[in-house]
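Secondary and tertiary structure notes
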Amino acid sequence: MSMANGYFGKVLWVDLSDESFKDQELSDKIYREFIGGYGLACKLIYENTKAKFDPLGPDAIFGFFPGLLTGTIAPFSGRYMVAGKSPLTGTWGDANSGGFFGPEIKKSGYDSILFKGIAESPKYVTIIGDDKQIHDASDIWGLDVIEAEEKLKVKHGKFIKTAGIGKAGEKVSLISGIVNDKGRIAARSGIGAVMGSKKLKMLVLKGNKALPLANKDKLSELTKYYNSAKKVKAGKLRKMIFKLIPGMPKLLRRLNIPLKAPETMISQIFRMFGTSVSNTISAEIGDSPVKNWGGVGQYDFPPSKSMGISSVKINSYKIREYGCYTCPVQCGGILSVPEIGLEETHLPEYETCCVFGTLLLNNDLMSIFTINEMCNRHGLDTISAGGTVAFAIECFENGILTTKDTGGLELKWGNSEAIIEVIKKMINREGIGDILADGCKKASEIIGKGSERYAMHSAGQEIAMHDPRHFESLAHTYAFDPTPGRHTAPSVDFLEIGPVEKFSPGLKLPDKWKKDINKKYRAQWKVVSFYQVLNSLGLCMFSAMFGEYPLLDIIKSVTGWDISIDEMLKTGFRIQALRQAFTVREGMILAKNELPGRVYGDPPQERGPNKGITVDYKDFNEGVCKELGWNPENGYPLPETLKDLNLEYVIKDLY
Ligand code: SF4
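What follows covers the site of the ligand. Close contacts around the ligand come from Phe76, Gly98, Gly323, Cys324, Cys327, Val329, Gln330, Cys331, Gly332, Cys540 and Phe542, and that covers them all. Split into classes, the residues belonging to the shell around the ligand amount to seven nonpolar, four polar and no charged.

Domain boundaries assigned for the chain yield domain 1 (10-206), domain 2 (256-462) and domain 3 (473-594 + 616-654). A straight line from the C-alpha centre of domain 1 to that of domain 3 covers 25 Å. Taken together, the 38 residues of domain 1 in the interface contact 30 residues of domain 3. No other element matches helix α2 (residues 37-47), which puts six residues into the side of domain 1 that touches domain 3. Class assignment of the residues belonging to the side of domain 1 that touches domain 3 gives a composition of 13 nonpolar, 17 polar and eight charged.

Following Asp602, the chain continues to Pro603 via a peptide bond in cis, the omega torsion being 0°. With respect to the helices, strands and loops of the structure, Pro603 is situated in the loop between α25 (597-600) and α26 (617-628). The phi dihedral of Lys52 is positive, around 60°, even though this residue is not glycine. Given 11 C-beta atoms within 10 Å, Lys52 falls into the exposed group. Located in the positive-phi region is Phe76, a residue other than glycine, with phi close to 70°. The residue Phe76 is located in the loop between β3 (62-66) and β4 (80-85) in this model. Residue classification places Phe76 among the buried positions, given that 27 C-beta atoms sit within 10 Å.

The next point concerns helix α18 (residues 416-428). The first and last C-alpha atoms of α18 sit 19 Å apart over 13 residues, in line with the 18 Å expected at 1.5 Å per residue. Buried residues of α18: Ala418, Ile419, Val422, Ile423, Met426 and Ile427, and no others. The inward-facing, buried residues of α18 contact α5 (167-170), α14 (350-356), α15 (365-378), α16 (382-397) and α19 (432-436). Immediately downstream of α18, the backbone of Arg429 shows phi near 55°, a positive value.

Spatial strand order, β2-β1-β6-β3-β4-β5: six strands in an open sheet with mixed pairing. Each edge of the open sheet is held by one strand with a lone partner, namely β2 (20-25) and β5 (92-97). Pairs of neighbouring strands in the sheet enclose a mean axial angle of 20°, with direction left out of account. With three bridges connecting them, β3 and strand β6 (residues 113-116) associate as antiparallel partners. Looking across to β6, one finds that Phe62 is bridged to Phe115. Packed on one face of the sheet, α2 meets β1 (10-15), β3, β4, β5 and β6 and runs near 30° to β4.

Moving on, we get to the sheet that holds strand β12 (residues 200-206). Read from one edge of the open sheet, six strands run β8-β7-β12-β9-β10-β11, paired in mixed fashion. The open sheet has two free edges, formed respectively by β8 (131-136) and β11 (184-186), since each of these has just one partner strand. Ignoring which end each strand starts from, the neighbouring axes of this sheet average 20° apart. Of the pairings in the sheet, the one linking strand β10 (residues 178-180) to β11 comprises three bridges and is antiparallel in character. Its bridge partner being in β11, Val179 is matched across the sheet by Ile185.

Each value, and the rule that gives it
- Residues numbered from 1 in each chain as written.
- Predicted model: local features only at pLDDT ≥ 70, side-chain atom pairs only at ≥ 80, totals over all residues.
- Near = placed C-beta within 6 Å.
- Nonpolar A, V, L, I, M, F, W, Y, C, P; charged D, E, K, R; others polar.
- Domains from an automatic or database assignment.
- Contact = placed C-beta atoms within 7 Å.
- Helix = DSSP H or I, 4+ residues; strand = E, 2+ residues; numbered from the N terminus.
- Buried ≥ 20, exposed ≤ 12 C-beta atoms within 10 Å, placed from the backbone.
- Expected span 1.5 Å × (residues − 1).
- Pairing = 2+ DSSP bridges.
- Axes fitted to C-alpha atoms, helices over the stretch in contact; angles between N-to-C directions.

In structure tokens:
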């Protein structure tokens, strides 16, 4: 076994068909070439599956992959990833989540835990110390994740950490995710459905293994240094921000300035409000999609309405700050909302507020709290769920769906009661909810009658809540990333929100990339490569917004590696190339993927901040493909590209 630092050198395979466990040792080379998280995931899943397998069948593999730094004290390093073939899009699928589950995977002594086969009846798996078991899950099947965890704590001790599925995953909803820490969710790509198809309710961990570190003292020193630098003079700045936020939407409209702030201010704003800080601002500046992507915030959801879901209002319910393992920012929050019977609930993220608020013209904050809690408990991806409800509402408003189809629900813009009810039906797969539970593309295929024009998805996945008419290169990412429709996939314009260039010396984007399109292609290559590394290390993507991070020194103190930025970027690019190779091997030719016209401005809007804008994402792709070394016709990584990345074995699969 590997004697290296920063990882254990082995992963665990759990076969649910024959109820067996097997360790697999991995070479040091694999870690250096794929790091962990998404990287290790695509390496292991690609190599252990045959082309065109059924993502919900017994040959499908999915797993839990903490980042390489996860489990150490490195700031922001607490994330784990889930990955497999997406049953929603047929492409590579992955998602990640924060909280405290990731470090527990490492404490179990494994660098990842993978599942294959299908259990005969519902099961859950425990790894407690050295003891590994597969248990009957019949008494927790049908419960939400919080109820199930409470039950398991009685049996296995109150210090266990769990990740699992609610009813949505059990019922193989293709828009379901995997939940940990009572409401952190690895939501996108439908990996919850893969877990559900295997009849696996939960993974339960209580570890006792210590990760070997190359230089523990150095890591402590770096961490202390970084965290103390983040402690800006809180008091004054906070007061100022509090005063500024309510007037921000109007101010931004008047000044027409982009959403940017110095990094210390960003971290304070994040700690105070979380991502919901942009609820009202984004609706004003043209970042939030409005009325199923057809509206304009300033007219359809102006501050008089959007203030109903403002971060300041949300913040008034906060009873404590919440943050992931080793996070110096703590952007989460726990709210108490007694008026709707919620003693404790997670602060809803911007994406959730926008998709159930702005996108549906709904400013009833209580309904957003309710829906957020339901989706968290039952493991429904809020972005996909809200996008699908938007589709259903537009069908209803246009007579394609009637109360006969909806079981009496008046699915109208802003009708928060009906929106809550339809989400319940989706979780339980009842009536119209059964059709909507697999996302808007599948629903439009069943409903027919031209309803597909209201389905705002990319290759089957509902598109995230940032508008490419505001952040242009997002259109490219939404269309062509191996996991389509995601804002957390890299896009150079979107990363401008935080000064990503300042994260680490060497990440500097080419000068004048905003003006020179050829430089922009290179800049896109760089953020694509960087983001795969960031994720695979287990670092929160927000960490890139808070200024310089001692990245290479931290990696060295954990692993002992002398890694350069150039090697790191090449590693990230290798990971992206393999995610892409997996996708084309499955027969998904995203190069021909088309976004719905509304999403990129065809036809362009006639008023508002995105007036007149049509994003030419296909032309942009030609240039980016040249930079990446991919065939723009079909998205295949070219043989020489694969060779250069030590991915020769992929060539015979693709050519
Ligand atoms: S910034 Fe927020 S999401 Fe990221 S690690 Fe910190 S608490 Fe978690």
